[in-house]
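Next come the chains, spelled out residue by residue.
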Amino acid sequence: MKLYLPDYLEEIILHKIKKIDTIKLSKYVYSLTEDLIEIRESYFNDERKLLGYFAFFFPQSYLKLKYILEEIDFFFPEQFANPTQIICDIGSGIGPSTISLYDFFKKRNIGSEIFSIEKNKNAFEFQNILLEECLNLKNNSQKISLKNKSLEELVSEKKEKFTLIVLSLVLGEVLNQRGKRKAFNIIKEAIKKLLDENGILIIVEPATHSNSRNLINFRDEIIKSNPAYPILPCFHKNTCSIFPDKDDWCISTIPWEPPDFMKEINKYLWRDIGYLKFSYLVLKKGKFSSDINYLRALTPFLKEKGKGKVVVCSEKGKKIFERLERDQSESNREIETTWRGAVLGIENYEKKANFFRLKKDSKVKIFTF
């Protein structure tokens, strides 16, 4: 499974960066931090950094949300059964999530009204121009409205109820500005005041240790205070079993095919861009029940002498599934393609003292969508 940036977006990005030397563009990208939190205002207010973000990080943000939306649609299709979705992309920046939402619902012929909320004026204006250039919003069942506001202003107004809210690279920013307690309370207020009674909240954060553990911490607090239910990436409602270990964290690394212009930029950066790396959390408000008990991979397939293993997360905590080389078979071979964050179904295995052993007749399926 690999994700690709749509051709029309690749053309738009190429048009905007075509007059910039690749070495200069790589320097603009290098000047941005990997987590893109502490300097959010500076890269939106600096035209060079903004173009570096647009060329290098915009495609990744677009596809990260696309992956999460498709995962929700695959495992919980009833969540998008409503023929019209009222959506809010809070802290939308220059619009990668807004455009990803637009494309996702348009492809499925589901009407959507998207409110794109961004407090930074430069990012707001950049996004406004970008939407006009790449989306046909006339005579369409998809509508986008841009609003120059902050999360706090939106929560205080509480005028709308949304079926879907997206917070991409917002939790970490609010944590830095307000501290953990205030940040968590603001988002819980957003769930209470802005989310429809059966609505969904998607939070996407960078794939760093601290951001991942902040998300796990927030997930556990949501379970205890009960304003919503976590439905992804975990398929269970228990508090996180890996959180007590300070070295543990939970991220996804999804294989994708970067466009050629990104590969050219990366010749001067030497970054691992073959995977989309992120942490995320999906919460659902209202009643929810599910009998899904699939496993989430915490590691890729790790090869050792004479065997290989995958560490997964389950309702009862971390589990290790090991397969000896001599037991490789057609029915269990798929485990070799496991990536961090993959969803697995495993059947017919043998329980050992501290791990589970795959047999020749074990069945392994990785779910792709």
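Conventions adopted
- Residues numbered from 1 in each chain as written.
- Predicted model: local features only at pLDDT ≥ 70, side-chain atom pairs only at ≥ 80, totals over all residues.
- Heavy atoms only, no water.
- 1 Å grid on protein atoms, 1.4 Å probe; cavity = no way out; pocket = protein on both sides within 12 Å on 5 of 7 lines; lining within 4 Å.
- Points joined across faces, edges and corners; volume = space filled by probe spheres on them.
- Helix = DSSP H or I, 4+ residues; strand = E, 2+ residues; numbered from the N terminus.
- Nonpolar A, V, L, I, M, F, W, Y, C, P; charged D, E, K, R; others polar.
- Buried < 20%, exposed > 50% of the residue type's maximum accessible area, 1.4 Å probe, protein only.
- Polar contact = N/O pair within 3.5 Å; in protein donor to acceptor, adjacent residues only side chain to side chain.
- pLDDT = per-residue confidence, 0-100.
- Salt bridge = Lys/Arg side-chain N within 4 Å of Asp/Glu carboxyl O.
- Phe/Tyr/Trp six-rings, centres within 6.5 Å; stacked < 30°, edge-to-face > 60°.
- Lys NZ or Arg CZ within 6 Å of the ring centre and 35° of its normal.
- Expected span 1.5 Å × (residues − 1).
- Contact = heavy atoms within 4.5 Å.
- Pairing = 2+ DSSP bridges.
- Core = buried A, V, L, I, M, F, W, Y, C linked by side-chain atoms within 4.5 Å.

For the coordinates displayed, the defined rule picks out three cavities of 30 Å³ or more. Approximately 200 Å³ is the volume attributed to the largest cavity. Considering the residues around the largest cavity, the lining is formed by 20 residues, among which Ile216, Pro233, Cys234, Cys250 and Tyr280 are closest to the centre. For the lining of the largest cavity, the secondary-structure elements that each account for two or more residues are α11 (209-225), β9 (275-284) and β10 (295-297). In terms of residue class, the lining of the largest cavity is built from 14 nonpolar, four polar and two charged.

The subject of this paragraph is helix α4 (residues 47-56). Among the ten residues of α4, eight are classified as buried, and the element is accordingly described as predominantly covered. Every buried residue belonging to α4 is among Lys49, Leu50, Leu51, Gly52, Tyr53, Phe54, Ala55 and Phe56, and all of these are buried. The N-terminus of α4 is capped by Asp46, whose side-chain oxygen sits 2.9 Å from the backbone nitrogen of Arg48.

This prediction gives the chain a mean pLDDT of 90; 95% of its residues lie at or above 70. The element-level mean pLDDT for the chain is lowest in helix α3 (residues 40-45), coming to 73, with helix α5 (residues 58-75) highest at 97.

A separate point is the layout of surface pockets. If a probe as big as a water molecule is rolled over the atoms, it shows which places are left empty. Reported here for the largest pocket is a volume of approximately 580 Å³. The wall of the largest pocket is formed by 32 residues, among which Ile292, Asn293, Tyr294, Leu295 and Ser314 lie closest to the centre. For the lining of the largest pocket, the secondary structure elements donating two or more residues are β7 (229-232), β10, β12 (307-314), β13 (317-324), β14 (343-351) and β15 (356-366). It is β14 that contributes the most residues to the lining of the largest pocket, five residues altogether.

This model, assessed by the stated rule, comprises 22 salt bridges. Of the charged contacts, one joins Arg296 and Glu71 as a salt bridge, the two residues approaching to 2.8 Å between their closest N and O atoms. Taken together, the positions of Arg296 in strand β10 and Glu71 in helix α5 put the pair 225 residues apart, joining distant regions of the chain. In this structure, Glu336 and Arg323 form a salt bridge, with 2.8 Å as the shortest nitrogen-oxygen distance. In this pair, Glu336 is assigned in the loop between β13 and β14 and Arg323 in strand β13, connecting sequence segments 13 residues apart. We classify Glu336 as partly exposed; its relative accessible area is 30%.

So, on to unusual backbone geometry. At the junction of Leu232 and Pro233, the peptide bond is cis and its omega measures out at 5 degrees in the coordinates. For Pro233, the location among the structural elements is in the loop between β7 and β8 (252-257). The backbone of Asn226 sits at a positive phi, close to 65 degrees, despite the residue not being glycine. Its place among the elements puts Asn226 in the loop between α11 and β7. A positive phi angle, close to 65 degrees, is found at Asn348, a residue other than glycine. On the secondary structure map, Asn348 appears in strand β14.

Moving on, we come to the packing of aromatic side chains. Between two aromatic rings, the relevant description is the distance of the centres plus the angle of the planes. Scanning the model with the defined rule gives 25 aromatic pairs in all. Taken together, Tyr67, Phe74, Phe75, Phe235, Phe278, Tyr280, Tyr294, Phe367 and Phe369 form an aromatic cluster joined through their ring pairs. Against the face of Tyr229 rests Lys237, its NZ or CZ located 4.9 Å from the ring centre. Lys365 extends its terminal NZ or CZ atom over the ring of Phe367, reaching a point 5.4 Å from the ring centre.

Further remarks concern helix α6 (residues 96-107). The end-to-end C-alpha distance of α6 is 17 Å, a good match for the 16 Å that twelve residues give at a rise of 1.5 Å each. Of all twelve residues in α6, ten are buried; the element is thus mostly enclosed. For α6, every residue scored as buried is listed here: Pro96, Ser97, Thr98, Ile99, Ser100, Leu101, Tyr102, Asp103, Phe104 and Phe105. Where α6 ends, the next residue or the one after it, Asn109, has phi of about 55 degrees, a positive value.

Mapping Arg219 onto the fold places it in helix α11. Ignoring sequence-local partners within four residues, the contact set of Arg219 consists of Pro230, Cys234, His236, Lys237, Asn238, Thr239, Cys240 and Leu281. Among the polar contacts listed, one links the side chain of Arg219 to the backbone oxygen of Asn238, at a separation of 2.7 Å.

Put simply, side chains in a regular strand alternate between the two faces of the sheet. Across two bridges, β10 lies against β14 in antiparallel orientation. By the bridge assignment, Arg296 is partnered in β14 with Val343. The turn joining β14 and β15, which pair antiparallel and follow one another in sequence, is formed by four residues.

Ranked by internal contacts, the top residues of the largest apolar core, which has 85 residues, are Ile94, Ile99, Leu101, Leu164, Ile202 and Val282. Of all the elements, α5 adds the most residues to this core, at nine residues. When near neighbours in sequence (up to four residues on either side) are disregarded, Ile202 contacts Leu65, Ile68, Leu69, Ile72, Leu164, Ile165, Val166, Leu167, Leu281 and Val282. Of all hydrophobic cores here, the second largest spans 30 residues; its members include Cys88, Val174, Leu195 and Phe218.

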